[in-house]
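Analysis of the macromolecular model
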Amino acid sequence: MQTLLALLRGRLTEVIGKAFPALAAEEKKADVAACPEEFGHYQCNSALRLAKLLGQNPRAIAQKIVDHLDDRATYRKVDIAGPGFINFTLSSPFLSERLNEQLKDPLLGAMPPHKRQKIVVDFSSPNIAKELHVGHIRSTIIGDCLARLFEFLKQDVLRLNHIGDWGTQFGMLITYMFDSAPAVLKGEETTDLVTLMNWYKAAKKRFDADPEFKKKSQFEVVRLQSGEKEAMKAWKIICDISRKGFQEIYDLMQVRLVERGESFYNPLLKEVVDELDRLGLVSVSDGAKCIFLEGFQNREGEPLPLIIQKSDGGYNYDTTDLATIRHRIFVEKADRIIIVTDSGQSLHFQMVIAAAIKAKWLDPKKVEVDHVGFGLVLGPDGKKFKTRSGETEKLIDLLTEAVDKAKEILIERKTEGSPTELAHLAKVLGIGAIKYADLSSHRTKDYTFSYDRMLRFEGNTAVFLLYAYVRINGIKRKVHVDMKQVLSKHHIDVQHPSEIALGVHLQRFGETLDVMARDLLPNRLTDYLYELAEKFNAFFRDCRVEGSPEEGSRLILCELTSRVLKQGLEILGLETVERM
Ligand code: ARG
């Protein structure tokens, strides 16, 4: 189903074509946008642009467009306002028909792109044994939401967990563990991620202080790189322990990921460097192989290169990401690549993209690469968020604390239900609150973490929306009717201004997803859903459902609202409950 915006744009483009046949095709394209409620529902701004182009009065042009409208039944009102805006107010029959169509549409009025795209979403991507920080949780939440969006829009999505599972850090960790925890490396004992992270810290300290240890560690790196059996076994064991820790978090958050870490690209690195060399893109600086790209400078204004091979022959993050982008373009045949990390890495990815273009691997007209950056997570003190006992507290505790707090609130509010029901509800609310708080703040801004705020019942929170959802279903239950029968006997007919306002907003679900698919800002959808809940509340305040002459139509409007709300929450990664 076409969105209302696309439909109106198409129709008005035709109208402009008829009114001004001499215009070029590109010039006929109508500029249409949603408009503030007091003016109508949609607005066409083309008269102003055409006035400049044709050297005529914009209001006269607007009038000419209006005179050529041939779908008057679509509108209740068409006004020309100000310098030449055309404001459209939709008619009740037209809007009602659209809503009835939306109800039948499995995509609820969203419009998948014409061509199905292969979309790689690289997100979460923590590092083995190194610090796992809240930024990784943010990446997990945002990336999962974007993946869900494109899955809903019927795209071919590959969710990749690009974990940092390769590199020189393993040399010191293995060396340290051979000393302090040999049984773990042999697989006779096991441990958890937090212990591993503490060992990593200790290993790093020793590496910096003890030359003997440093030498051993470097030797261990060589053994690992040559695929020596014992070293590989130790590496695998370390990865497995980390993996278990990560998986615990993914399970609780209900996030699916395919692991394809840095080690996957390791065998391709030499080939990539050789190819870039052959292409003449590599210059040697201080013994390191570098790619210099126009427009990239460091703070001192000196050219800033990508370093693809260090003077000791080792490869690094830059090399791996070049191999990665190449693999995603040529092997995965991605149409779009989305990489979700903190904004601090934005320069790195800009350079990787620029290098891929220069190597002619990437044609930006054919493949879109988006680095989806995000701001820091701040604590209540306004500083970078740290869990209570410092950096190495299990991140999973951050999530379970939200669940515990949600449970306290449920008990305080004397929520009914068996212990299992309450535990489930607390999980839905707690995890939902964390995700929603993150997604609803503008992605590129820093965001302040606060349990109290995210678990509020009022305002733009998960709890408010989940509660709205439960309330709508409560209405349907209360009226004691079989929804299937209502749906077969009645249809939506919106008349009251609050019904119309709700109806128009329901129609904008697809438009909202369109915008979000372009700018990759999840708060587009949270804002939309918050407004939807508010519009529903206004409708329910102003319009009687049960026992009214309009009961059938209004129940179906409730049904459509509940479907859109549930689907929207699902794209955000939020579970819903039927009662609470
Ligand atoms: N492991 C990296 C980090 O923790 C993120 C990786 C993102 N993806 C990539 N292709 N580099 O910062």
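Residues numbered from 1 in each chain as written. Predicted model: local features only at pLDDT ≥ 70, side-chain atom pairs only at ≥ 80, totals over all residues. Heavy atoms only, no water.

1. Quick look at the sheet that holds strand β3 (residues 75-81)
Read from one edge of the open sheet, four strands run β1-β2-β4-β3, paired in antiparallel fashion. Of all strands in the sheet, those bounded by a partner on one side alone are β1 (32-34) and β3. Shown here is a sheet whose adjacent strand axes are inclined to one another by a mean of 25°, direction ignored. Note that β1 and strand β2 (residues 42-44) share three bridges and pair antiparallel. Directly across from Ala-34, in β2, lies its bridge partner Tyr-42. (Pairing = 2+ DSSP bridges. Helix = DSSP H or I, 4+ residues; strand = E, 2+ residues; numbered from the N terminus. Axes fitted to C-alpha atoms, helices over the stretch in contact; angles between N-to-C directions.)

2. What about the sheet that holds strand β6 (residues 156-161)?
Taken together, five strands build an open sheet; the order of strands is β7-β6-β5-β11-β12 and the sheet is parallel. On the outer flanks of this sheet lie β7 (258-259) and β12 (368-374), each paired with one strand and no other. Pairing geometry for strand β11 (residues 336-342) and β12, over seven bridges, is parallel. Of the residues in β12, the one forming a bridge with Ile-338 is Asp-370.

3. Overview of the packing of aromatic side chains
The tally for this structure, following the rule as stated, stands at 12 aromatic pairs. Here Phe-152 and Phe-509 contribute two aromatic rings whose centre-to-centre distance is 6.2 Å and whose plane-to-plane angle is 55°, an arrangement assigned as tilted. Of this pair, Phe-152 sits in helix α6 (residues 134-152) while Phe-509 sits in helix α22 (residues 509-519); the two residues are 357 residues apart in sequence, bridging distant segments of the chain. Overall, Phe-152 belongs to the buried group, its relative accessible area being 10%. Each ring, one from Phe-536 and one from Phe-539, has its centre 5.6 Å from the other, and the planes form 55°; the classification is tilted. With a gap of three residues between them, Phe-536 and Phe-539 both fall in helix α23 (residues 523-542), about one helical turn apart. Both residues of the pair, Phe-536 and Phe-539, belong to the buried class. A network of ring pairs unites the aromatic residues Phe-385, Tyr-447, Phe-449 and Tyr-451 as a single cluster. The residue whose ring lies beneath Arg-508 is Tyr-42, and the NZ or CZ to ring-centre distance is 4.7 Å. (Phe/Tyr/Trp six-rings, centres within 6.5 Å; stacked < 30°, edge-to-face > 60°. Buried < 20%, exposed > 50% of the residue type's maximum accessible area, 1.4 Å probe, protein only. Lys NZ or Arg CZ within 6 Å of the ring centre and 35° of its normal.)

4. Let's talk about helix α13 (residues 269-278)
Considered for burial, the residues of α13 that qualify are Leu-269, Val-272, Val-273, Glu-275 and Leu-276. Buried residues of α13, seen end-on, are gathered within an arc of 160° and therefore sit on one face of the element. Opposite the buried face of α13, by more than 90 degrees, sit the exposed residues Lys-270 and Arg-278. Buried residues along α13 sit in contact with α12 (262-265), β9 (288-297), β10 (303-309) and α14 (317-330). After α13 finishes, the residue Gly-280 shows a positive phi value of roughly 80°. (Arc of directions from axis to C-beta. Contact = heavy atoms within 4.5 Å.)

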